[in-house]
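Descriptive structure summary
So the chains spell out like this:
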Amino acid sequence: MNWLQRRVRPEQIRELSLLLLIILAVTIFGSLIPYYYTSRTFDRIAESVTIIGIVGIGQTLVVLTRNIDLSVGSIVGCTAYFIGALIAGNNGINPLAAILLAIAMGAVMGAINGVLVAWARVPSIIVTLGTLAIYRGMLVDLSGARTVTSDSLPGWLLNLARVNLLTIGMVRIGALFTIALSMVVIFQIGTTYLRAGRCIYAIGSNPDAALLIGLPFRRLVFLVFVISGALSGLAGFVMLARFGNITVEAGRGLELEVVAAVVVGGVNIFGGSGSVVGATLGAVMLGILEQSLLRLQISEFWRDALLGLLILLAVASDAVILQRLRTLWGRAELKVAPGMPPPVPETEKGVTNP
Amino acid sequence: MIALGRLKSWEGLLLAILVVVVAMNVMRSPYYLGIDNVVNLFQLSIEKIIVALTMTMIIVSGEIDLSVASIMGLAAVLLGCLFKAGIPMPAAILIALLSGLAAGLFNGFWVAQAGLPSLAVTLAGLIGYRGLARVFIQDHSIGGFPAWFDTIGQQRTVGPLTISIMIFFILFVIVAVTLHGSGLGRLVYAIGNNTQAARYAGVRVKLIKLCLFGASGLVAALAGILYGARLGSVRGDIATGFELDIITMVLLGGVSIFGGSGNIIGVGLSILVILNLRNGMGLANITGDTQTSVVGALLILSVLVPNLMHTLKTKWKERKT
Amino acid sequence: MSKYLLVTAALAIGMASGGLAGDVTPGKGVDMVLLPKFLGIKVFDQAHQGALEAEKELENPKPLKYLGPTPQNSVAGQIEIVTNATTQGVGAIMISNNSGDQIVPAAKAAQAKGIKVVTWDSPIPSAEGEDVFVAQVDFTEIGKVMADMALSIMGANGGKFAILSASPDAANQNAWIASMKEALKDPKYAKLQLVDIVYGDDQQEKSYNQANALVDKHPDIKLIMAPTSVGIVAAAKAMQDGGLGDKVKISGLGLPSEMLAYTKSGIAPEFALWSFTDLGYLAYYTAYALATGAIKAEEGATFKAGRMGEYKITKDPTRAKGLRILMGPFTVYNKDNIEAAAAK
């Protein structure tokens, strides 16, 4: 037990158990559904995980700082549409330039969120609820409610969805999926080993302490919103490549799925704990559930009802179980006898940053 | 009693904005102040403003309820499905109302008893209750309600006013009396100001919060049923996105998102501002999402401006000393 | 001499009472509102262009207002726009109805104020609150055309197919699906088996996902019939992305310009459509004629709609109540004629 306590943190146990749950779910569904272990199943799950996974990375960073970003759906829609319209108008545009533009556009929109949350001190739930509406309205207005149609887009963009980089057995790893995976890896390493990454965890854990020891609080909060916007921009580009036709409805409701994936993936809504990998596992779990329910001929509408329940269970279990685990860990580290009050202070039930 | 000095600040500002908006609208359309249009003005958003009243109490107590629009949808859908299954309308209405109450109490349990943040719980509710509604009704719409039911939402029964409008005014008075004239109201403010202190002072915080969420769910269900009456039919996605307007109405009315302050007169004024704004935009042929983005901007401003004013005031004081 | 007088008098009386009653006089100022199901669909943009063309010919000094809700809020949005237009006291509202019978109260209120309510593309099912419906094609014929296309694509051995529709409330799609089911009762189509109907709400992502879900649930279907210009494109892309273009074909109603690549590659060998531009043009003429009193909304009334010729109001055989003006033919597109059509 001591060895375990020294090597593994409670949050990692949470993620490991999620991984086990995923394996369990796949096994159960595999036995219930014919033709489950086919490349088609993997493709469909990978499709949904790609977009939600990319946005989920940014959302993880935001939630780690005890905030939330509900405007990601509108940012994805805006970037998908406007970059699509841009490419439709200039078919010869450099692919890399298009991707960078999408990221930049998303970053700017995220920066607006960041300024309002970090410096104007408006709670993130308010800011992002407002920008969700504003960005969507902007999209409808500026686009004249037209559609970007796939016949106006160049071949390289439309074929991107079908490019296979690697084929392991029957599993096809596409270009878009690879983009998503690489983002996950980059950000997981970044948050674990970069100083800024550790500071983000610190801010979420205990904002007051973070301020007191002089961490660049405001700049970091601003940064996470910019990153969230930038990644949403990238996801918008992926959406454009996948669907081709983009209407002003693109991305509507995406934010709810992303928050669900992040919370189910073990990122604590109070901030300060969870990881990018966990959020991605959450996205995988949700993708599996969605695809499998569809195959089982269970009404697709159960998905949302289950999603709500899952979020609730995830938050509730995190609040109760993780708290107990942390107390246990804390006691073991300081070798406090059971029955004694733990020296670790209870975390506050905060909703906003101070 | 609201001190005259307070009137100079937030409520006064709202009144000024209201006058400006109404003036602009009157200039644009001569029919604006006619009784027809005024009733229309209320009717087009009547369900939202009804829910805004209970939302006020929730936000004053320091919590938030994002799931109200989904509870509206769920209640409306249940009503439709029960009606279609042959259940007599009055019974169906009762069951739909109870479902809203149950949903609200469910929210309240997790927030008050289990101590989870209301943001997360009601976000889960927003997704979950909507999903539940879709499970019941799938992609269809159910209509063909008995004529007397449609009358409630659509017809002018008491003079030029519809029953929905009457319900709004009655509820307004109830909430006003509760918040400002009763002991319960004072407790709600106390909880919003400092939950810990209230708990130590012996206030039954858990029970009150549970009741507030229950009331929020019940009123949301009522609003959903009225919405179904007004449209003459229900679908799985009705009232989607309503929470934005509802929360804006409350926050614009001077209620602090952190809880503990604000009053119902301010909310009443902000409701009028938003209704006139939406109606004016509609008459100017600005539709749907553009209108919503204006409301979104208002939402941000309603918290941003007080923040800025507060910072400026403190900086001004610092300069003086 | 007196004979000629008699004939001339008879002719004059005849023209005054019946024939010339349908003469549409240009130049009158009428506030017109064009209200599609929602904004953002190319076919409705085309209808808008057609209406503008009619407006120019009719020299209507008051500009056409093209207003629409967003797909998420289509029903409530349409009701709101009709209500607002009623307050503003416009002359005529032309609506492609996506709200089923829910729009009846608002439409009736508009009529009560003297506003003409003309539906196009998709009518009000109960015909209450509606003056006349401008139908692009005969709805029963569409069913037969779709059945024919299905037979030609799946071949004599038939097979399973599914329908991907728009909104479950859309009066036009529902009527077309109903008429296709009727047509399928003919023994000629005995080997064609309809296994499922799903709804994509005229939205790209939803239609894409529904198309994929269809193939997941029924792995042996050979055709997806999508009588919606958004659904057909989404389904085609879904099949293409999934590499299923050989196994599952796509057909239905679509725009040649949007379907060009898919028809050439063989995923969508056949599909049909009519001219939305013409539909908008005709709807405008009809609404203008009604609003200026040139014709009344009753059976037998005729008028000349500009470049499209004479039209007569008849009873609508596909609904219990209601009048309609039948626009006319549609075209079946395939490899041979699609390039020319797409270039237009």
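Residues numbered from 1 in each chain as written. Chains lettered and ligands numbered in written order. Predicted model: local features only at pLDDT ≥ 70, side-chain atom pairs only at ≥ 80, totals over all residues.

**Some words on the overall build of chain B**
Of regular secondary structure, chain B possesses 14 helices and 2 strands. What you see for chain B is a C-alpha radius of gyration of 20 Å, in line with the 20 Å of a compact globule of 321 residues. For chain B, the spread of C-alpha atoms along the principal axes amounts to about 75 × 55 × 30 Å. Across the 321 residues of chain B, 55% fall into the buried class. For chain B, contacts bridging at least 24 residues in sequence account for 78% of all contacts bridging at least 6. (Helix = DSSP H or I, 4+ residues; strand = E, 2+ residues; numbered from the N terminus. Rg over C-alpha atoms; globule rule 2.2 N^0.38 Å. Buried ≥ 20, exposed ≤ 12 C-beta atoms within 10 Å, placed from the backbone. Contact = placed C-beta atoms within 7 Å.)

**What to know about the sheet that holds strand E7 (residues 192-199) of chain C**
Residues and elements named next belong to chain C. Taken together, 4 strands build an open sheet; the order of strands is E7-E6-E8-E9 and the sheet is parallel. Here the strands that pair on one side only, and so sit at the sheet edges, are E7 and strand E9 (249-252). Sheet twist, expressed as the mean angle between neighbouring strand axes with direction ignored, is 25 degrees. Where strand E6 (residues 159-165) lies against E7, 7 bridges are found, and the strand directions are parallel. Residue pairing for E7: Phe 161 is matched across the bridge by Leu 194. (Pairing = 2+ DSSP bridges. Axes fitted to C-alpha atoms, helices over the stretch in contact; angles between N-to-C directions.)

**Here's the deal with the interface of chain B and chain A**
Reports of interface size often rely on the accessible area that becomes lost once the parts have come together. Across the boundary between the two partners, chain B contributes 35 residues, which contact 39 residues of chain A. Elements represented by at least two residues in the side of chain B that touches chain A include exactly helix H6 (118-137), helix H12 (242-252) and helix H14 (288-320) of chain B. When residues of the side of chain B that touches chain A are assigned to their parent elements, the largest contribution, 14 residues, is made by H6 of chain B.

**Points about the interface of chain C and chain A**
On the chain A side, the residues contacting the 23 residues of chain C number 22 residues. Those elements giving two or more residues to the side of chain C that touches chain A turn out to be helix H7 (204-217), helix H8 (229-241) and helix H9 (256-265) of chain C. At 7 residues, H7 of chain C tops the list of elements feeding residues into the side of chain C that touches chain A. The class makeup of the residues in the side of chain C that touches chain A is 9 nonpolar, 7 polar and 7 charged. (Nonpolar A, V, L, I, M, F, W, Y, C, P; charged D, E, K, R; others polar.)

**Describing the domain arrangement of chain C**
All names here are of chain C. Here chain C is partitioned into domain 1 (2-137 + 276-326) and domain 2 (139-273). Of note, the centres of domain 1 and domain 2, computed from C-alpha atoms alone, are 31 Å apart. Across the contact, 16 residues belong to domain 1 and 17 residues belong to domain 2. For the side of domain 1 that touches domain 2, the class distribution of residues is 7 nonpolar, 6 polar and 3 charged. (Domains from an automatic or database assignment.)

**Regarding the environment of Val 258 of chain A**
Residue and element names in this part refer to chain A. Its place among the elements puts Val 258 in helix H12 (residues 254-264). Counting along the chain gives 184 residues from Val 258 to Ser 74, while the straight-line C-alpha distance between them is 13 Å. Beyond its immediate sequence surroundings of up to four residues, Val 258 is in contact with Ile 52, Val 55, Gly 56, Gln 59 and Val 72.

**Concerning the nonpolar core**
Counting 332 residues, the largest nonpolar core has Ile 311 of chain A together with Ile 93, Met 94 and Ile 224 of chain C as the members making the most contacts within it. Residue contributions to this core peak at 18 residues, all from helix H11 (residues 217-243) of chain A. There are two domains that each give this core at least three residues, and those are domain 1 (2-137 + 276-326) and domain 2 (139-273) of chain C. In this view, Ile 224 of chain C contacts Phe 161, Ala 162, Leu 164, Ala 211, Leu 214, Ala 235, Val 248 and Ile 250 of chain C; residues no more than four positions away in its chain are not counted. (Core = buried A, V, L, I, M, F, W, Y, C linked by C-beta atoms within 7 Å.)

**Here we look at the packing of helix H4 (residues 72-89) of chain A against H11 of chain A**
Residues and elements named next belong to chain A. Running from N to C, H4 and H11 cross one another at 50 degrees; their axes reach a closest spacing of 7 Å. By the angle class used here, H4 and H11 are oblique. Judged by the twist between their axes, the crossing of H4 over H11 is right-handed. Seen from H4, the contacting residues are Val 72, Ile 75, Val 76, Thr 79, Ala 80, Ile 83 and Gly 84; seen from H11, they are Ser 228, Gly 229, Ser 232, Gly 233, Ala 235, Gly 236, Phe 237, Met 239 and Leu 240. Here the residues of the contact of H4 with H11 are counted per class, giving 9 nonpolar, 7 polar and no charged. (Parallel < 35°, antiparallel > 145°, perpendicular 65-115°, else oblique. Left-handed = near helix turned anticlockwise from the far one by under 90°.)

**Thoughts on the sheet that holds strand E4 (residues 116-120) of chain C**
Residue and element names in this part refer to chain C. In spatial order, the strands read E2-E1-E3-E4-E5-E14-E13; together these 7 strands make up an open sheet with mixed pairing. Both outer strands of the open sheet, strand E2 (65-66) and strand E13 (314-315), are each paired with one neighbouring strand and no more. When strand E3 (residues 92-95) meets E4, the two strands line up parallel, connected through 4 bridges. Residue Met 94 lies in a different strand from E4, and its bridge partner there is Val 118.

**Details of H12 of chain A**
Residue and element names in this part refer to chain A. The element H12 is largely enclosed, with a buried count of 11 among its 11 residues. When H12 is considered as a whole, its buried residues turn out to be Leu 254, Glu 255, Leu 256, Glu 257, Val 258, Val 259, Ala 260, Ala 261, Val 262, Val 263 and Val 264. At the exit of H12 stands Gly 266, carrying a positive phi of roughly 95 degrees.

**Brief notes about the pairing of E9 of chain C**
If a strand is regular, its side chains alternate between the two faces of the sheet. Residue and element names in this part refer to chain C. Here E9 shows no split at all, with Lys 249 and Ser 251 on one side and Ile 250 and Gly 252 on the other all buried. Alignment of strand E8 (residues 221-226) against E9, held across 4 bridges, turns out to be parallel. Bridge assignment links Met 225 to a residue of E9, and that residue is Ser 251. Since E8 and E9 lie parallel, the crossover through H8 that links them has a hand, and here it is right-handed. (Right-handed = clockwise from strand over helix to strand, strands pointing away.)

**Some words on helix H4 (residues 68-84) of chain B**
Residue and element names in this part refer to chain B. Its 17 residues give H4 an end-to-end C-alpha distance of 24 Å, which sits within 8% of 24 Å, the value for a rise of 1.5 Å per residue. A large share of H4 lies buried, amounting to 15 of its 17 residues. In the stretch just after H4, Gly 86 is the one whose phi turns positive, near 100 degrees. (Expected span 1.5 Å × (residues − 1).)

**Re unusual backbone geometry**
We note that Arg 121 of chain A has phi near 60 degrees; this positive angle belongs to a residue other than glycine. When you line up the elements, Arg 121 of chain A lands in the loop between helix H5 (95-118) and helix H6 (124-143). Of note in this structure, Asp 121 of chain C is not a glycine but carries a positive phi near 70 degrees. Its place among the elements puts Asp 121 of chain C in the loop between E4 and strand E5 (132-135).

**Quick word on the environment of Gly 158 of chain C**
Residues and elements named next belong to chain C. Looking at the secondary structure, you find Gly 158 in the loop between helix H5 (139-154) and E6. For Gly 158, a count of 16 C-beta atoms within 10 Å gives the class partly exposed. The sequence separation of Gly 158 and Ala 190 amounts to 32 residues, and the corresponding C-alpha distance is 8.0 Å. Sequence-distant contacts of Gly 158, that is, excluding residues within four places in its chain, are made with Lys 191, Leu 192 and Gln 193.

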